[in-house]
Amino acid sequence: MKIKRNTLLTTITFALLVVFLYWLSANRLQHGMLVSVLQKGVIFALVAVSMNLLNGFTGLFSLGQAGFMSIGAYTTAILIIPVKSLDGVYYMNGVHPGIRALKMMVAESPAFVQSVFPFIALLLGGLLAAGIAAIVGVAVLRLKSDYLAIATLGLSEIVRAIFSSPQFDRVTNGSYGLNKIPNFPEMAWGLIPSLLTPFIVVTLCIVFILLLINSSYGRAFKAIREDEIAAEAMGINLFKHKSMSFVVSSFFSAIAGGLLAMYMRSIEAKTFSITLTYDILLIVVIGGIGSVTGSILSAFLVTAAKEWWLRFFDQPLFIGDWQVPLFRTGFRMVIFSILLMVVVLVYRKGLMGSTEFSWDRLLGRFRRTRKSNGGAA
Amino acid sequence: MSNILLKTEHITMQFGGVVAVDDLNIEIPEGKITALIGPNGAGKTTAFNVITGGYQATNGRVTFDGHVIGENYPRSKMKKIYNGTYKTLNERQVINTPDKITRLGMARTFQNIRLFKDLSVFENVLIARHCHIKAGMLRSTFKLNAAEELMMNQEADKLLHTVDLHMHRDEKASSLPYGKQRKLEIARALATGPKLLLLDEPAAGMNPKETEELALFIQEIKDSFSLTIFLIEHHMNLVMDISDKIYVLDYGKTIAQGTATEVQNDPAVIRAYLGVEEA
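Keep in mind it's a predicted model, so treat the numbers as computed, not measured. (Residues numbered from 1 in each chain as written. Chains lettered and ligands numbered in written order. Predicted model: local features only at pLDDT ≥ 70, side-chain atom pairs only at ≥ 80, totals over all residues.)

J.: Residues and numbers for the overall build of chain B, please.
T.: Within chain B, the regular secondary structure consists of 11 helices and 10 strands. Against the globule reference of 19 Å for 279 residues, chain B gives a C-alpha radius of gyration of 20 Å, in line with a compact fold. Overall, the C-alpha framework of chain B stretches about 65 × 45 × 40 Å when taken along its three principal axes. For chain B, long-range pairs separated by at least 24 residues make up 69% of all intrachain contacts whose partners lie at least 6 apart in sequence. (Helix = DSSP H or I, 4+ residues; strand = E, 2+ residues; numbered from the N terminus. Rg over C-alpha atoms; globule rule 2.2 N^0.38 Å. Contact = placed C-beta atoms within 7 Å.)

Following this line, the structure appears as structure tokens:
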């Protein structure tokens, strides 16, 4: 009975979300800011969840997320830039003939292939990142805690340096970056408008991660987080499970990177610097290390606060004739930082701690508040 | 005469210049309870760690159930500073990680309890079943191995019933009282399906009554799971009551071995435990 009620509530919530997104898609011009915040939020939710899989559930403190995102972003971008824009994008150094040939082939392929090609590109980006993670993991995963963080941080910087190096000018366009990247594709022959695409892709990815966390392998990950020595004594192959988690996390980071490329329409190596990893780490910590729903919630909150709600502080403010000082471009980030400090001080373990969202708890809290209000009156 | 399940030959463990275990030769017969005793710092836990694969011995060989699970000889830097009594002539190296040794059928508990504290009692036991999973990650994620999962769950539940912890099934492991945490650690080790169970000071921190109960419990699981047991212990009563054979270690060296009575009357053992009588 209870379980049924919860499934019902979840289904209704998701249905309402879908309806809302369809409505938003029809009126996207009036709500440009909302659309862009939601899309960026959902992309960051995926990176945050994949980082949480590694940091929160397997206990591997890795800071290589931006690197894997850039692998996904570049792969996707290079593959989906339309052939007619190639000369405009690679105007300085020209494009590698192999890429042009590939694009000609795609452009001449049947319509169905063209419609799913962006998804294939995302998948290829993910697989490339996963492959690199598997190889690099052999060396890096021998390290523990802080040392692992430093090594993955270095890895991410190396990837960035490679992408912006002049030797790869004809593939990655070096330091000029890539632009004219098409936006999100439609799905199911236009039944699902392009606005919904990132939401659907991210939902599928997060569902996969949730299933993984709740499977026997997910339990083994948690065992490694709790106590490596005990986990090994219980027959869990540390290296195998750590690299599994690393590869899966990198795969989904790269998918999110590909989506980010589609969202931003133009990328350069600088986009994927260390600060991006810190932004994601921030989301994970604010949401609660070890909570998937916490990461999702905090991805939307942090993105909205940073890009939208605090815009007010960037505008000059007049009270009568007097201009309030400090209110100018950049002040929003000061307020944002102060807010972060407050949140971290109040919620020591992040918004959700290490627990997941549950209807029982939400309704329980709702009831308690009502009861206490009733008591006071 | 029963089979020898575990055998160590000339095990020496040297850390830098310190010889923690020197020329340890142990034979553990199948279906029996063997104990390793000795004063603090005698090298008992080090010996355990060598057997379970946590450390690689500097010298010697460990054979378990017909497999050589660890073998080494003083190499490279150790060649010059080796201080052990015995040096193996057979220059062979076999390294196995602890997880592999566990899968071969050797499980252990820890002196300072190492449970997965934030996970439930049930999950603690369930994780120990993971080492025998057949499905790969993808199959397991998409729940295509439902039958296997169900089996694992049932086995874990059954095990919790056997060790009488089922009423705490969904509690956090760290919320259990001390004695029950010890029991859960043993249950978790049992869940890996071992032939040989290694208990590292299972009665540490227990009062006499609890120790007595533990002795009964160890006998019980030994019979119901047809186990061989190897334990390290400080509580003399426990060791003397239940062990079939006892090895005594002091400063890394084996100073005595035999049955409880033989060991108790051995002058070397008395000297190690009570000190040398002043003349």
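J.: With reference to specific residues and values, describe the domain arrangement of chain B.
T.: Accessible area lost upon the coming together of the parts is a frequently used measure of interface size. Residues and elements named next belong to chain B. Along its sequence, chain B is organised into domain 1 (1-105 + 194-279) and domain 2 (115-191). On a C-alpha basis, the centres of domain 1 and domain 2 stand 28 Å from each other. Counting residues per element, the ones that place at least two in the side of domain 1 that touches domain 2 are helix H3 (98-104) and helix H8 (208-224). Across the side of domain 1 that touches domain 2, the residue classes tally to 6 nonpolar, 3 polar and 3 charged. (Domains from an automatic or database assignment. Nonpolar A, V, L, I, M, F, W, Y, C, P; charged D, E, K, R; others polar.)

J.: How would you explain the interface of chain A and chain B if you had to name every residue and give the values?
T.: Facing 22 residues of chain A, the contacting portion of chain B comprises 28 residues. Residue assignment for the side of chain A that touches chain B shows that the elements contributing at least two residues are helix H9 (197-214), helix H10 (216-226), helix H11 (228-233) and helix H12 (238-264) of chain A. Looking at which element gives the most residues to the side of chain A that touches chain B, the answer is H10(A), with 7 residues.

J.: So what's going on with the packing of helix H4 (residues 121-129) of chain B against helix H7 (residues 178-191) of chain B? Which residues, and what values?
T.: Residues and elements named next belong to chain B. For the pair H4 and H7, the least separation of the axes is 7 Å and the interaxial angle reads 30°. With respect to H7, the axis of H4 lies roughly parallel. Where H4 crosses over H7, the two elements pack in a sense that is right-handed. Along its contact with H4, which presents Val121, Asn124, Val125, Ala128 and Arg129, the element H7 presents Leu184, Ala187, Arg188 and Ala191. (Axes fitted to C-alpha atoms, helices over the stretch in contact; angles between N-to-C directions. Parallel < 35°, antiparallel > 145°, perpendicular 65-115°, else oblique. Left-handed = near helix turned anticlockwise from the far one by under 90°.)

J.: Could you give an account of the environment of A:Gly94, naming the residues involved and the relevant values?
T.: Looking at the secondary structure, you find A:Gly94 in the loop between helix H4 (86-89) and helix H5 (97-108). Put simply, A:Gly94 and A:Phe252 are 158 residues apart on the chain and 31 Å apart in space, counted from C-alpha to C-alpha.

J.: Pulling in residues and values, what's your account of the sheet that holds strand S10 (residues 253-258) of chain B?
T.: Residue and element names in this part refer to chain B. The 6 strands are arranged S6-S7-S8-S3-S9-S10 in an open sheet whose pairing can be described as mixed. The open sheet has two edge strands, strand S6 (106-108) and S10, and neither has a second partner. Pairs of neighbouring strands in the sheet enclose a mean axial angle of 15°, with direction left out of account. Sheet analysis places S6 next to strand S7 (residues 196-200), joined by 3 bridges and oriented parallel. Its bridge partner lying in S7, alanine 107 is registered against leucine 197. Sheet strands in contact with helix H11 (residues 267-274) are strand S9 (245-250) and S10, and its direction is about 125° off that of S10. (Pairing = 2+ DSSP bridges.)

J.: How would you sum up the sheet that holds strand S1 (residues 4-15) of chain B? Please name residues and give values.
T.: Residues and elements named next belong to chain B. The 4 strands are arranged S2-S1-S4-S5 in an open sheet whose pairing can be described as antiparallel. Each edge of the open sheet is held by one strand with a lone partner, namely strand S2 (18-29) and strand S5 (67-72). Within the sheet, the average angular offset between the axes of one strand and its neighbour, ignoring direction, is 10°. Both S1 and S2 contribute to a ladder of 8 bridges, which runs antiparallel. Its bridge partner lying in S2, phenylalanine 15 is registered against valine 18.

J.: If you had to explain the nonpolar core to someone new, which residues and values would you point to?
T.: Nonpolar side chains in soluble globular proteins generally cluster together in the buried interior. Formed by 162 residues in total, the largest nonpolar core has its most connected members in A:Leu46, A:Ala48, A:Met69 and A:Ala77. Lining this core are residues from two domains, each supplying at least three of them: domain 1 (1-105 + 194-279) and domain 2 (115-191) of chain B. (Core = buried A, V, L, I, M, F, W, Y, C linked by C-beta atoms within 7 Å. Buried ≥ 20, exposed ≤ 12 C-beta atoms within 10 Å, placed from the backbone.)

J.: Give me the lowdown on the packing of helix H3 (residues 65-80) of chain A against H12(A), citing residues and values where you can.
T.: Residue and element names in this part refer to chain A. Interaxial distance between H3 and H12 falls to 6 Å at its minimum, and their mutual angle equals 55°. Considering the angle they form, H3 stands oblique to H12. H12 is crossed by H3, and the crossing has right-handed handedness. Here Gln65, Phe68, Met69, Ser70, Ile71, Gly72, Ala73, Thr75, Thr76 and Ala77 of H3 come into contact with H12, specifically with Ser250, Ser253, Ala254, Ile255, Ala256, Gly257, Gly258, Leu260, Ala261 and Met262. Of the residues in the contact of H3 with H12, the class split is 11 nonpolar, 9 polar and no charged.

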